[in-house]
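What follows is the residue order along each chain.
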Amino acid sequence: MKKQPVPQKKRRFKSKLFGLLLLVSTAAVLFSSQPFTFLLIGSDARPGESLRGSRSDSLSVMQFVPLSRTIQLTSIPRDTYTPIACEDGKKDKITHAFAYGGEDCTSSAVSELLDQDIDSKIVISFDSFIGLIDEIGGIDLVSTGTFSEQDASGKANQYTFQKGKEYHMDGAMALAYSRHRKSDTDVARANRQSEVIQAVATDLMKPTGWSSIPDANRYMKEEMNLDVSVRQMMTAGLSLALLSEREHLEVEGVSERMNGIFYDFPKKKELKELRAKLDTTFYGTLKND
């Protein structure tokens, strides 16, 4: 039997449908490929304490550049000496910016320090961090270090981690893992925090985790002041889905005493180089190249 020819109209319809799907897919990729800069503010408010008047215990800036498959993570030591815009440009430790004016004051101080626009931000307290991890049922993570850490209440050596060992962490355990810094540096702690973020994203991107996305998003908006657009969420998701390479950077400084107080004074040359490294194009290449 002869094979019946496909009607011309049907072929044209399939061709148009394919073209439309290709156009929509391309538009979605381009829509979500615009780089953006995300500020993570970790408050030192203990469980049950108000965020008001607290300081930033950790500051990290994540720059997502999907088309170059890179995520640049810049850690800022809490004692970094820099102008605080909401205090009329008075110089102080950047950790104090949160006590002066919350996340907006901190965001402007970080923006001026790095000479970068901050597109979105999130504020994480001990309580909200624990709550988010517990909200999604915990995370699976391989420890990149060997150390012991206190719990959220300050009780010493409540959690022990071994390098290379995988753990299923609830909120309290993940907090202990991500806030440890006594045996290494602020950079290492920032790395662990990014590992936890990656683990949360990985868990939510699994088919079994899709049902948790609405509740996790609601929780972050209500409890962490998450300020992020749909496009930025797509950008972050695309970057993580592409298994982007994470590059870890730091504001390097010299610790010196001034008026009886220790500050980290940024090294001018290194800060200039860092600013240039963060100044990228749409494709993730340096604008100055």
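Residues numbered from 1 in each chain as written. Predicted model: local features only at pLDDT ≥ 70, side-chain atom pairs only at ≥ 80, totals over all residues. Heavy atoms only, no water.

Asks: Please explain the overall build of the chain as it appears in this structure.
Replies: Scanning the chain from terminus to terminus reveals eight helices and 13 strands. Expressed as a percentage of its 289 residues, the buried residues of the chain come to 45%. Residue pairs at least 24 apart in sequence account for 63% of intrachain contacts in the chain once pairs closer than 6 positions are excluded. Carbon and sulfur atoms provide 53% of the accessible area of the chain, an area that totals close to 15800 Å². (Helix = DSSP H or I, 4+ residues; strand = E, 2+ residues; numbered from the N terminus. Buried < 20%, exposed > 50% of the residue type's maximum accessible area, 1.4 Å probe, protein only. Contact = heavy atoms within 4.5 Å. Areas by Shrake-Rupley, 256 points an atom, 1.4 Å probe, with all protein chains shown as cover.)

Asks: For this particular structure, what's the right way to read the sheet that holds strand 1 (residues 36–43)?
Replies: Either a parallel or an antiparallel arrangement is found when strands of a sheet pair, and the pairing is made through backbone hydrogen bonds. Taken together, five strands build an open sheet; the order of strands is 6-1-2-3-11 and the sheet is mixed. Lying at the two open borders of the sheet, with one neighbouring strand each, are strand 6 (120–124) and strand 11 (245–250). With direction set aside, neighbouring strand axes in the sheet form an average angle of 20°. The pairing of strand 3 (residues 70–75) with strand 11 spans six bridges and is parallel. In the strand pairing of strand 11, threonine 70 is matched with glutamate 245. (Pairing = 2+ DSSP bridges. Axes fitted to C-alpha atoms, helices over the stretch in contact; angles between N-to-C directions.)

Asks: Where do I start with unusual backbone geometry in this structure?
Replies: Across residues other than glycine, the phi torsion is negative in most instances, and most of the peptide bonds are trans. Here aspartate 115, not a glycine, exhibits a phi torsion of approximately 60°, which is positive. A positive phi angle, close to 55°, is found at asparagine 259, a residue other than glycine. Considering the arrangement of structural elements, one finds asparagine 259 in the loop between strand 12 (253–258) and strand 13 (261–266). Note on asparagine 259: relative accessible area 75%, which makes it exposed.

Asks: Would you mind showing me how to read the pairing of strand 6 here?
Replies: Taken residue by residue, a regular strand's side chains alternate between the two faces of the sheet. Among the five residues that make up strand 6, five are buried, leaving the element largely enclosed by the rest of the structure. Burial along strand 6 is two-sided: the residues Ser120, Ile122 and Ile124 and Lys121 and Val123 are all buried. Where strand 1 lies against strand 6, five bridges are found, and the strand directions are parallel. In the sheet register, glycine 42 faces strand 6, and the bridge partner there is isoleucine 124.

Asks: Would you explain empty space enclosed by the protein in this entry?
Replies: To find the voids left in a structure, one rolls a probe of water-molecule size over its atoms. Summed over the entire model, instances satisfying the criterion amount to two cavities of 30 Å³ or more. Considering the residues around the largest cavity, the lining is formed by Asp57, Ser58, Leu59, Ser60, Ser75, Ile76, Pro77, Arg78, Asp186, Arg189, Ala190 and Gln193. Those elements that provide at least two residues to the lining of the largest cavity are strand 2 (56–65) and helix 5 (186–205). The class makeup of the residues in the lining of the largest cavity is four nonpolar, four polar and four charged. In this structure, the second largest cavity encloses a volume near 40 Å³. Around the second largest cavity, the lining residues are Thr37, Val61, Gln63, Leu114, Gln116, Ile118 and Leu278. Its residues placed into classes, the lining of the second largest cavity shows four nonpolar, three polar and no charged. (1 Å grid on protein atoms, 1.4 Å probe; cavity = no way out; pocket = protein on both sides within 12 Å on 5 of 7 lines; lining within 4 Å. Points joined across faces, edges and corners; volume = space filled by probe spheres on them. Nonpolar A, V, L, I, M, F, W, Y, C, P; charged D, E, K, R; others polar.)

Asks: Explain the side chain of threonine 82 here, please?
Replies: With respect to the helices and strands, the residue threonine 82 is situated in strand 4 (residues 81–84). Filtering out sequence-adjacent residues up to four positions away, threonine 82 remains in contact with Lys90, Lys91, Asp92, Ile94 and Leu113.

Asks: Can you walk me through the state of the cysteines in this structure?
Replies: In total, this model carries one disulfide according to the counting rule given. Paired by a disulfide, cysteine 86 and cysteine 105 hold their sulfur atoms 1.9 Å apart. Residues cysteine 86 and cysteine 105 are joined through a disulfide that is left-handed, its torsion about the S-S bond being -60°. Separated by 19 residues along the polypeptide, cysteine 86 in the loop between strand 4 and strand 5 (90–93) and cysteine 105 in helix 2 (residues 97–114) bring together distant segments of the chain. (Disulfide = S-S within 2.5 Å.)

Asks: What am I meant to see in helix 8 (residues 268–278) here?
Replies: Note on helix geometry: an α-helix contains 3.6 residues per turn, so any two residues three or four positions apart are oriented the same way. Residues Leu271, Leu274 and Leu278 constitute the buried set of helix 8. Each buried residue of helix 8 sits inside an arc of 60° when the element is viewed along its axis, so together they form one side. Away from the buried face of helix 8 by more than 90 degrees, exposed residues Lys268, Lys269 and Lys272 are located. Where helix 8 is buried, its residues meet strand 2, strand 3, helix 2, strand 11 and strand 13. (Arc of directions from axis to C-beta.)

Asks: I would appreciate a short explanation of the confidence of the model for the chain in the present structure.
Replies: Scored by pLDDT, the chain has a mean of 81; 81% of the residues are at 70 or more. Looking across the chain, the model is least confident in helix 1 (residues 8–31), with a mean pLDDT of 56, and most confident in strand 4, with 96. (pLDDT = per-residue confidence, 0-100.)

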